[in-house]
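# Structure assessment
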Amino acid sequence: MSKRIGWIDLVRALGACAIVLLHVTVSTYQTTDIDAMRKGVYILSGIVFGRWAVPAFFMVTGYLVLDPSRAFGWRRARSHAWRMALVLLTLGMAFSLVEETLYYVDEGMPLGLGVVADAAIDVLTARSWDHLWYVYALMFVYLLVPLVELLRSRFGARAVHALALALFVGTMVVPTVLDLGAIAGLLSWPGQYGGWRSDVPWGVVVGLTNVLIGDWLRDKRMSALSLVLGAAALATMLAVSAWGLAEGWGSQSFVYMHESCFASVYGASVLLVIRRVRGDEPLAAGSLANALAQDSFGIYLLHPAFIHMVLRYVDALLWPPVLFEATFFVAVLAASVLATRLLRHVPVVGPLL
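Residues numbered from 1 in each chain as written. Predicted model: local features only at pLDDT ≥ 70, side-chain atom pairs only at ≥ 80, totals over all residues. Heavy atoms only, no water.

### A closer look at the layout of surface pockets
Formally: Both cavities and pockets are sets of points on a 1 Å grid over the protein atoms alone; in a cavity a 1.4 Å probe fits but cannot get out, in a pocket the set is open with protein on both sides within 12 Å along at least five of seven lines, and lining residues sit with an atom within 4 Å of a point. Grid points are joined across faces, edges and corners, and a volume is the space filled by probe spheres set on the points. The secondary structure listing takes helices from DSSP runs of H or I that are at least 4 residues long and strands from runs of E that are at least 2 residues long, numbered from the N terminus. Residue polarity is assigned by list, with Asp, Glu, Lys and Arg as charged and Ala, Val, Leu, Ile, Met, Phe, Trp, Tyr, Cys and Pro as nonpolar; anything else, Gly included, falls into the polar class.
Estimates place the volume of the largest pocket at around 1500 Å³. If you list the elements that add at least two residues to the lining of the largest pocket, you get α1 (6-31), α3 (53-65), α4 (73-106), α6 (133-155) and α11 (288-313). The leading source of residues in the lining of the largest pocket is α11, at 10 residues. Its residues placed into classes, the lining of the largest pocket shows 30 nonpolar, 12 polar and 8 charged. Taken as a whole, the second largest pocket encloses approximately 990 Å³ of empty space.

### Notes on the side chain of R218
So the rule is basically this: Residue burial is assigned from relative accessible area. The probe radius is 1.4 Å, only protein chains are included, and a residue is buried under 20% of its type maximum, exposed over 50%, and partly exposed in between. In the analysis that follows, any N or O atom pair within 3.5 Å is treated as a polar contact, provided that within protein one partner can donate a hydrogen and the other can accept it, and provided that, for residues neighboring in sequence, both atoms belong to side chains. Contacts are assigned to residue pairs with any non-hydrogen atoms lying within 4.5 Å of each other.
Of note, R218 is situated in the loop between α8 (200-216) and α9 (224-247). The exposure class assigned to R218 is buried, which follows from its relative accessible area of 12%. One polar contact links R218 to D215, side chain to side chain, over a distance of 3.0 Å. If sequence neighbours within four positions are ignored, R218 has contacts with G62, Y63, L66, D67, P68 and R275.

### As for the packing of α1 against α11
What counts here: Only the contacting stretch of a helix is used when fitting its axis, a line to C-alpha atoms as for every element, and angles between N-to-C directions run 0 to 180 degrees. Angle categories: roughly parallel below 35 degrees, roughly antiparallel above 145, roughly perpendicular from 65 to 115, and oblique for all the rest.
At a minimum axis separation of 7 Å, α1 and α11 run at an interaxial angle of 10 degrees. In terms of their interaxial angle, α1 and α11 are classed as roughly parallel. Per-class residue counts for the contact of α1 with α11 are 14 nonpolar, 8 polar and 2 charged.

### Brief notes about the pattern of salt bridges
Here is the rule we go by: In what follows, salt bridge is the name for a side-chain nitrogen of Lys or Arg lying within 4 Å of a carboxyl oxygen of Asp or Glu.
What the rule picks out here adds up to 6 salt bridges. R38 is the salt-bridge partner of E325, the closest N and O atoms lying 2.8 Å from each other. Of this pair, E325 sits in helix α12 (residues 323-343) while R38 sits in helix α2 (residues 36-50), and the two are 287 residues apart along the sequence. Considered together, E325 and R38 belong to a single accessibility category, that of buried residues. A network of salt bridges, in which partner residues are shared, links R4, D9 and R12.

### As for helix α5 (residues 113-124)
Because each turn of an α-helix spans 3.6 residues, side chains separated by three or four positions end up pointing in the same direction. The following threshold applies: Multiplying 1.5 Å by the residue count of a helix minus one yields the expected span of that helix. It is the directions from the helix axis to the C-beta atoms that the arc portrays.
Spanning 12 residues, α5 covers 17 Å between terminal C-alpha atoms, matching the ideal 16 Å at 1.5 Å per step. Where α5 is concerned, the buried positions are V115, A119, D122 and V123. For α5, the arc enclosing every buried residue in end-on projection is 95 degrees, short of the 170-degree limit, so these residues lie on one face. Pointing more than 90 degrees away from the buried face of α5 are the exposed residues L113 and L124. Turning to α5, the residues buried within the fold contact α4 and α6.

Dropping the structure here:
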C-alpha cells in the first residue's frame, strides 16, 4: 500500500505550479518595461494564486517531520540537512557559476578561476540565486526539529503550540502590523517595510514558525472560521497592495511575502481546503498531479534558469498579453519537469531530486 498522502501531494503539485507562475510574472515585470496596469494585474493575481505556496510548503514539512507517531531525531535531521547542503553545493554552485560567468562576460572581464572563486563565495555566503533562500532556510530548520521534539517530550504538545503562537505573533504579526502603521502614517520604526526580514536567518525563523503551524494544523479541519480568516488575509494583502500601487508607493511587498502573517494565514487556509477536498488517499499513479508532485522539488530548484533564459532572448512586449504568460508558464513548467527527470540520471545530483 502506498504511503503517499493524497492531499499533501496535491499541495506539492499545485504549489510548484503556483511558484512557477508567480516567478514568471514577477521576473517579467522586473526585466521588461510593461505598462503599470499589466504590472498591477501581475502583482495582484500573484497574491491570489501564488503567495500561499511557500508558507504551505513549510507547513507540509512540519506536518510530516513533527509526526508524533514517528520521531524525526538527530540522525534524520542531519540526513535531511545534508541533502539541502548538497543541493546548494551542486545546483546552487552551478547557478552561481552561470551568474558569475554572465557578469564577467557583460563586464568584459577575462574568464578564469576568479569566476569559480566568486561563485563559491556566493554559495557559502548565501548570495546565490534568490529562490535558493528556501533551501538554506530549510537546511537549518531541519536541524531545529529535534529541539522541538525535545520540547514536546518534556512539556507536551501544548508547549510546542505555545511556541508556534509566540513565534507567529513575534516574528510575523507584530512586524507586519508595525509596517501597516508606518505606511498609514501612524508610526515609524527602524525596521519598517520588511527589508531586514528578507535574509536567510530571518527565513529560518519564519520557516520554523510555519513548520510549527503545520504541526498545529494536524488536528484541525476546514471550518467557517478558517475560511473567513483566509479570505480576510487575502483581502488585506490585495487591498494594501492595490492601495500602494494606486498611490505610486509600490506594491508594499511586506504584506504578501512569505514573512507576512497574512500570507501564512492564507496558506494555512488553502491547506485546510485542499485537505478537506482531496483527503488522504494517494493520487492516481498516472495522473498529472501525481507526476508534478514527484517532480515538485526539482521544479522549484530549476525553473528560474528557464525563466531567465526565456527573458534573455524573448521580448514579452511582442506577444499579446495572456497568451505570453500562458505560453511562458507552460514552457517553463515543462522544461523544469524534463530537466528534473534527466538530472535524476546524473550521479550525486539525481538522488537529491
